[in-house]
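Fold and contact review
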Amino acid sequence: MALLQLGSSLVCYNNVLPKTWRRPDTMKHRALPRFICSAADKTASPQQSVVVTRRSANYPPSSWDHSYLLSLENQYAKEGRVRERVKVLKEEVRKMLVETGNSNEQLELIDTLQRLGISYHFEHEIGDVLTKIRYMNDVGKKPDLHATALRFRLLRQHGFSISQDVFDIFKTSLDDDDDLKGLLSLYEASYLSTKSDNKLKEARSYAKDRLREFIERSSNDDDDDDDDDDDDDDETQSYMRKMVIHALEMPYHWRVRRLEAHWYINAYGTRHDVNPLLLEFAKLDFNMVQAVHQQDLKHLSSWWKDTGLATQLDFIRDRITEHFFWGLALVDEPHLGYHRRILTRVFTFMSTLDDIYDIYGTVDELEIFTDAIHKWDVNRLEELPEYMRSCFLVLYNNINEIGFEVLKDKTVNVIPYLKDAWAGFVTCLLTEAKWHKNGEKPSLDQYMDNTMILASVVLQPLYCSRYSDKNSVPILDASSDNYLSVIRSSMVVLRLANDLGTSSEEMARGDTPKSIQCYMSDTGAEEGEAREHIRGMIDDAWDELNYEKTARETTLPQGFVEVAMNLARASQCVYQYGDGHGHPDDDSKMADDIRSLFINQLPLD
């Protein structure tokens, strides 16, 4: 008889656990090309030994030891005087935001607060300011490209509808070489485009070319510097050059907010007009929030260790710290730790199942496993190969636990939706496994149609736990156009960004063709052309996300759409320079990002 304990992370089936549920902590990570399949062995005669050849991705062990993560400390979390100082600074900034009379100065302040990562303290005040500015009449004011572009970007970012036509007045003045600030703001604003904003996309291309020209000129000017002390103009030029390079590398709208805050705090400190009060507040707040995130990470590292999956399934990616990075990138506010933990577990299960289907399992085993998840029946545990049992149990318990918490908190049963999401996820993985086994080459359309089955698995648990109630659950029942558009668009960016970063490596080990290879096969294009096409598909997905953020008829909470955008942002961050998830070396950007967010505090000097 099966016993399910919703409040724990373990189902006890007939009081028997696999012998390999836990192994000594001293056991090292192994990546072997061949393993004995115990499920097959049981069907063989005593004289026979059935050996199944297994693939291996040779994933390196985790860079972040569990004991090391538990040892992390943050001095700012312990000092009462720091908290008192933050309260004083917060009130000063609130007054600054509310009492500033000039609308352009208010926009500049809001942008600075966002980039510094402290705008979450003032969501109500920022909403009021932007609502007022939205309906201001600019007739009679001198056209200002920077102010117009900043206003456009902030309004769209916060869900207000504003037309691209506001830039028409600048068509004849864009050749002004002196308006570097305006061109940069126009470039950043252009990434808030929707699919119908053709003029805005043309402006993006123009602004990008002009900004690149500025970088080339400024690089040539570096050799001509004299020995005089930098004046305000030199500091401004240096700051603008830094901002332009940063934007051309990746626009602000596509960046992970918490990482951007860390970067911008340092950049802002180099401005000649830096506000010391804002800088101090941003640094203290960053360090205090980091202390909260460290506690989340410790909790999750202990949870992951207790599951035993990293040691039992030694072919999978042991990446709880990187999975927490994903969860944090989606939801970073300090008071939303529960939702961060849910998301981190979701990413962990996605990665584990992906490795089982993509690398280790045979098609016969995967079909049995897929059927078990579809039926969501713990009583069928004995039908699974031994190495799959603990994985099924941990997934089963954790998803049911999420459903139990939602039922307790909101009196809504969301387990059927969560179960269906995971059933769809493994169905997609099984399809790809069969493509690989049979040597099939899907078309790009087939590849993307299969990808869409994945769409709800990441965001649905968050929607259910944070936004669902008796009125909102019908959105899941009816699969509303807005909901589907949001989750599918974010999944397109996730999958395609992953392909751009990992495709070459995965093809080298013989994986199923990815989107790049599918397009090359469909059209005969070279790899460079195919990659450019995939980037265009990512742009189109962002257009859809931007549209849903400002769609007046949407029934979705603005916060949920923003989380979907954050999923896209996290994807492009992790895979920007290759496989930041599967192979995060100690000197990789991913490792640097983790140290910045979870380990190293910002100095106050």
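Residues numbered from 1 in each chain as written. Predicted model: local features only at pLDDT ≥ 70, side-chain atom pairs only at ≥ 80, totals over all residues. Heavy atoms only, no water.

1. Structural notes on the overall build of the chain
Across its full length, the chain holds 25 helices and four strands. Counting every position in the chain, which comprises 605 residues, the buried fraction comes to 55%. Considering only contacts within the chain whose residues lie at least 6 apart along the sequence, 74% involve residues at least 24 apart. Accessible area for the chain stands at about 26,800 Å²; split by element, carbon and sulfur atoms hold 48% of it. (Helix = DSSP H or I, 4+ residues; strand = E, 2+ residues; numbered from the N terminus. Buried < 20%, exposed > 50% of the residue type's maximum accessible area, 1.4 Å probe, protein only. Contact = heavy atoms within 4.5 Å. Areas by Shrake-Rupley, 256 points an atom, 1.4 Å probe, with all protein chains shown as cover.)

2. Brief notes about empty space enclosed by the protein
A complete count under the given rule lists one cavity of 30 Å³ or more for this structure. Counted as a void, the largest cavity has a volume near 30 Å³. If you go around the largest cavity, the residues you meet are R156, L192, T194, N546, K549 and T550. Tallying contributions element by element places helix α23 (residues 527–550) first for the lining of the largest cavity, with three residues. A class-by-class count of the residues in the lining of the largest cavity yields one nonpolar, three polar and two charged. (1 Å grid on protein atoms, 1.4 Å probe; cavity = no way out; pocket = protein on both sides within 12 Å on 5 of 7 lines; lining within 4 Å. Points joined across faces, edges and corners; volume = space filled by probe spheres on them. Nonpolar A, V, L, I, M, F, W, Y, C, P; charged D, E, K, R; others polar.)

3. Focus on the environment of A591
Summarising the element assignment, A591 is placed in helix α25 (residues 589–599). Here A591 falls in the buried class, since its relative accessible area comes to 2%. Note: C-alpha distance between A591 and W64 (527 residues apart in sequence) is 9.5 Å.

4. Re the pattern of salt bridges
Where charged atoms from two side chains of opposite charge come close, those side chains can pair. In this structure the tally under the stated criterion is 38 salt bridges. Across the salt bridge formed by E365 and R54, the nearest N and O atoms sit 2.9 Å from each other. Of this pair, E365 sits in helix α15 (residues 363–375) while R54 sits in the loop between β4 (52–53) and α2 (66–70), and the two are 311 residues apart along the sequence. No difference in accessibility class separates E365 from R54, as the two residues are buried. The salt bridge involving R535 is made with E532; its shortest N-O contact spans 3.4 Å. You can see R535 and its partner E532 sitting in helix α23, three residues apart, about one turn around the helix. Here R535 falls in the partly exposed class, since its relative accessible area comes to 38%. (Salt bridge = Lys/Arg side-chain N within 4 Å of Asp/Glu carboxyl O.)

5. Quick notes on the packing of helix α14 (residues 337–360) against helix α19 (residues 456–467)
Interhelical geometry of α14 versus α19 gives an angle of 155° and a closest axis separation of 10 Å. Taken together, α14 and α19 sit at an angle that is classed as roughly antiparallel. Pair α14 / α19 crosses with right-handed handedness. Every residue of α19 that contacts α14 at Y338, H339, I342, L343, V346, F347 and M350 is listed here: V457, V458, P461, L462, S465 and R466. Of the residues belonging to the contact of α14 with α19, the class tally is 10 nonpolar, two polar and one charged. (Axes fitted to C-alpha atoms, helices over the stretch in contact; angles between N-to-C directions. Parallel < 35°, antiparallel > 145°, perpendicular 65-115°, else oblique. Left-handed = near helix turned anticlockwise from the far one by under 90°.)

6. Regarding the packing of aromatic side chains
Remark: the centre distance and the inter-plane angle together describe each pair of aromatic rings, the angle taken between the planes. Under the definition given, this model contains 26 aromatic pairs. Considering the side-chain rings of Y264 and Y268, the 5.8 Å spacing of their centres and the 35° angle between planes classify their relative orientation as tilted. Linking Y264 with Y268, this pair stays in helix α10 (residues 257–268), spanning four residues, or about one helical turn. Taking relative accessible area as the criterion, Y264 reaches 2% and is therefore assigned buried. (Phe/Tyr/Trp six-rings, centres within 6.5 Å; stacked < 30°, edge-to-face > 60°.)

7. Comments concerning the packing of helix α11 (residues 276–307) against α25
Where α11 meets α25, the closest approach of the two axes is 8 Å, and the angle between their N-to-C directions is 105°. With respect to each other, α11 and α25 are oriented roughly perpendicular. Residues F286, Q290, Q294 and L297 of α11 form the contact with α25, whose participating residues are S596, L597, F598 and I599. Grouping the amino acids of the contact of α11 with α25 by side-chain chemistry returns five nonpolar, three polar and no charged.

8. Here we look at the confidence of the model for the chain
The predicted model of the chain has a mean per-residue pLDDT of 86, with 84% of residues at 70 or higher. Across residues 1–48, confidence stays below pLDDT 50; counting only partners more than four residues off in sequence or on other chains, it has 85 contacts. (pLDDT = per-residue confidence, 0-100.)

9. As for helix α7 (residues 180–190)
Where burial is concerned, most of α7 is hidden: 10 out of the 11 residues are buried. Among the residues making up α7, those that are buried are L180, G182, L183, L184, S185, L186, Y187, E188, A189 and S190.

10. Points about helix α17 (residues 415–438)
With 24 residues, α17 should reach 34 Å at 1.5 Å per residue; the first-to-last C-alpha distance of 34 Å fits that figure. Of the residues one or two after α17, G439 is the one with positive phi, at around 70°. (Expected span 1.5 Å × (residues − 1).)

11. With respect to the side chain of D285
Take D285: it is sitting in helix α11. The charged side chain of D285 is buried without a salt bridge, its nearest counter-charge being R258 at 5.1 Å. Polar side-chain contacts of D285 include one of 2.8 Å to the side chain of H121. When sequence neighbours within four positions are dropped, the list of residues in contact with D285 reads G117, I118, Y120 and H121. (Lys, Arg positive; Asp, Glu negative; His and termini not counted. Polar contact = N/O pair within 3.5 Å; in protein donor to acceptor, adjacent residues only side chain to side chain.)

12. Some details on the environment of H293
In this structure, H293 sits in helix α11. On the accessibility criterion, H293 (1% relative accessible area) is buried. In this structure the C-alpha to C-alpha distance between H293 and P334, which are 41 residues apart in sequence, comes to 7.3 Å. When near neighbours in sequence (up to four residues on either side) are disregarded, H293 contacts R258, F324, L328, D332 and R340.

13. Thoughts on unusual backbone geometry
One non-glycine residue, W376, lies in positive phi territory at about 50°. Considering the arrangement of structural elements, one finds W376 in the loop between α15 and α16 (386–410). For W376, a relative accessible area of 9% puts it in the buried group. The phi dihedral of T411 falls on the positive side, at around 55°, and the residue is not glycine. Looking at the secondary structure, you find T411 in the loop between α16 and α17.

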